[in-house]
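What follows is each chain in one-letter form.
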Amino acid sequence: MTVRVRMTVLVGLAAALVLIPATVFGPNRVEQALLNDVFDDEAAAQAENIEPLLDLMRQPIAAGAVPAEQSGQSDVSPPQDIPLEVEMDGFTSSEASYLRDEAGRIGEALGDLDRLGHLDGLLRITRSNRQSGVPVVLSNGSLAAFSLGDRAEVRLLEPASVDSPVITVFGLNDLVYKAGGFEPPGFADKLGRAGLDDDADRASQQIAYASRNAGGTDFVVAADIGNVIRSVDRIQSIMWLVTPLAVLAVVLVAWLLTGRALRPVEQITEQVREINAGTLGERVPQPGTGDEIDRLATTMNTMLDRLEHSDTRLRQFVSDASHELRTPVAVLRSEAEVALRRPGDTPVEDLAAGVLTEAQRLQRIVDDLLVLARHDESRSRLSAEAIDLDDIVLEEAARSRAVPIDVSAVSAARVTASSDRAGRIVAHLLDNAARHAREGVAVSLTTRSTSDPASTADQEAVLTIDDDGPGINEADRDRIFERFTRLSEARSRDTGGAGLGLAVVKALVTELGGQIAVDDSPLGGARFIITLPAAPA
């Protein structure tokens, strides 16, 4: 599976994970918010009637058990011919008659709600039942429970004894109007019918109840939420239709944008596929956008630069090595051919001496090439131990060379290295100095405090080799450590060496964690300064 396909699939899944939950749960959140607004509006509309009732409810009202016939008869017939009893005490006969009349209308309204199928919701919100009765606040602030059991009756309640939401007579009238289409009557008038007998109209109703607090009392508010439900259902249906289209559109856009974004990567891939050992000079195209792909192209070109440089060095190394090895091999062949053509004219001692000289020269070149090859592959495995560098310097200086070597300034110094490495470093430096010196070479070796703050050793050994030769120009002081480098191309190879000595010295000093530098010598020639970490005492 390609990156483009994976990215498109992931973006499509992300869009689906966002849109599908939004389609499932979003309309519910919207519905709840709209319903809260509807109920808040209903509560605000009833506030002007609830606030006066709150003042009346705070006034003490005495309640007793007085038969209805002792307090006067109501001129309102109970609903469905059920006898209606109103227990009242502490009211005048006219007040009792008025409240009894109002109770009759409330009882009839509850009967209408029961007939229309909306009474159960009112019972649930008020946490009551048909026997205990619906708690209703009358127009004079009295709180009464209206039961609709086998025998309808009204009981006056103390407000403090009720812990469930209550409905006001105004809210009940409004509920009856919403549920059955009855005109809201005056409190002293009988309820008037206004229609809404059409079954289709009733089927579209969805009466819902909620409670809102006012003055420390929870009041029931009711609303027809049919329009809200239908609107939310439409929104959800539209979202279910739009969601697959939106996911498909996102997937298509992701496919196009991912393809466009990865187009430079395809170009880089095609270009890299065409690059081989013979075309390392080619480079991948850079978008120039400064983004990750541009950095990738830059990194690829940098890598190709290194590969090209490494390939060039390798080719040059092979060419130079072949050239250097050809000279001693040619000399050995020449001496062997002469000895074969004239056996009597070539003494064995002379032949052996010539062969030995060229063999040693050939061995030095091969050893140097092997050291450099191991250094390039970072796999040098020579053992390291604490050695006396001054002993190695004195030993190498004692070998016969064209000029004398002054070792009077050599003092004791110990470093962590292998004897072979240290001996090769000193030998190459002394050979190089003696080759270019006119009259002599001076060597000094001291130990001092470490000057490099990054070094882990407290002490360092400093080896200095001076000659009185022509010196080295400042512009050539870095170039001399390159392989097969000769500052005097006119020199013969016999006197100029193979051009590997200083490159070997640089590689070995670096492996030992030291540094090498070139400066002007007080003797007039070149000074080589080698700094190596001293071995712990």
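See above for the structure.
Residues numbered from 1 in each chain as written. Predicted model: local features only at pLDDT ≥ 70, side-chain atom pairs only at ≥ 80, totals over all residues. Heavy atoms only, no water.

Here the focus is the packing of helix α11 (residues 419–436) against helix α13 (residues 501–511). One can describe the packing of α11 onto α13 by two numbers: an axis separation of 9 Å at closest approach and a directional angle of 145°. Like other packed secondary-structure pairs, α11 and α13 cross with a definite hand, here left-handed. Between α11, through R421, R424, I425, H428, L429 and N432, and α13, the contact on the second element is made entirely by G501, L502, V504, V505, L508, V509 and E511. Taken together, the residues of the contact of α11 with α13 break down into 7 nonpolar, 3 polar and 3 charged. (Axes fitted to C-alpha atoms, helices over the stretch in contact; angles between N-to-C directions. Helix = DSSP H or I, 4+ residues; strand = E, 2+ residues; numbered from the N terminus. Left-handed = near helix turned anticlockwise from the far one by under 90°. Contact = heavy atoms within 4.5 Å. Nonpolar A, V, L, I, M, F, W, Y, C, P; charged D, E, K, R; others polar.)

The subject of this paragraph is the pairing of strand β13 (residues 515–520). A regular strand places its side chains so that they alternate between the two faces of the sheet. Two strands pair when backbone bridges link them, and β13 and strand β14 (residues 526–533) are joined in this way by 6 bridges, in the antiparallel orientation. Within β14, the position partnered with V518 by the bridge is F528. (Pairing = 2+ DSSP bridges.)

At R127, a residue that is not glycine, the phi angle is positive and equals roughly 50°. Among the secondary structure elements, R127 is positioned in the loop between α4 (119–125) and β2 (134–137). Overall, the relative accessible area of 57% leaves R127 in the exposed class. (Buried < 20%, exposed > 50% of the residue type's maximum accessible area, 1.4 Å probe, protein only.)

Of all 11 residues in α13, 8 are buried; the element is thus mostly enclosed. Within α13 the residues assigned to the buried category are G501, L502, A503, V504, V505, A507, L508 and V509. Two residues or fewer past α13, G513 is found with a positive phi of approximately 80°.

Our focus in this paragraph is the packing of aromatic side chains. One pass over the full model with this rule turns up 0 aromatic pairs. Over the face of the ring belonging to W255 we find R4, whose NZ or CZ atom lies 4.0 Å from the ring centre. For the cation-ring pair, K506 lies above F481, with the distance from its terminal atom to the ring centre recorded as 5.5 Å. (Phe/Tyr/Trp six-rings, centres within 6.5 Å; stacked < 30°, edge-to-face > 60°. Lys NZ or Arg CZ within 6 Å of the ring centre and 35° of its normal.)

Grouped together as the largest cluster of nonpolar side chains are 49 residues, with contacts concentrated most on V443 and F528. I106, L123, L138 and V154 belong to the second-largest nonpolar core, a separate cluster that totals 38 residues. (Core = buried A, V, L, I, M, F, W, Y, C linked by side-chain atoms within 4.5 Å.)

Tallying each qualifying case throughout the model produces 16 salt bridges. Among the salt bridges present, the one from E308 reaches R283, with a minimum N-O distance of 2.6 Å. One end of the pair, E308, is in helix α8 (residues 292–341); the other, R283, is in the loop between α7 (226–274) and α8, with 25 residues separating them in the sequence. By relative accessible area, E308 is classed as partly exposed at 30%. (Salt bridge = Lys/Arg side-chain N within 4 Å of Asp/Glu carboxyl O.)

This next bit is on the side chain of E460. Relative to the elements of secondary structure, E460 occurs in strand β12 (residues 459–467). Assessed through its relative accessible area of 5%, E460 is described here as buried. Within the structure, E460 has its side chain in polar contact with the side chain of R448 (distance 2.8 Å). Residues in contact with E460, not counting those within four places in the same chain, are T446, T447, R448, S449, T450, S451, T531, L532, P533 and A534. (Polar contact = N/O pair within 3.5 Å; in protein donor to acceptor, adjacent residues only side chain to side chain.)

Another point: the sheet that holds β14. With respect to topology, 5 strands assemble into an open sheet ordered β9-β11-β12-β14-β13, the strand pairing being mixed. A single partner strand is all that each edge strand has here, and the edge strands are β9 (405–410) and β13. Neighbouring strand axes in the sheet, compared pairwise and without regard to direction, differ in orientation by 20° on average. Both strand β11 (residues 441–449) and β12 contribute to a ladder of 9 bridges, which runs antiparallel. Opposite T447, over in β12, you have A461 as the bridge partner. Packed onto the sheet, helix α10 (residues 389–397) meets β9, β11, β12 and β14 and runs at close to 160° relative to β9. Strands in contact with α11 are β9, β11, β12 and β14; relative to β12, the strand with the most contacts, it is inclined by about 25°.

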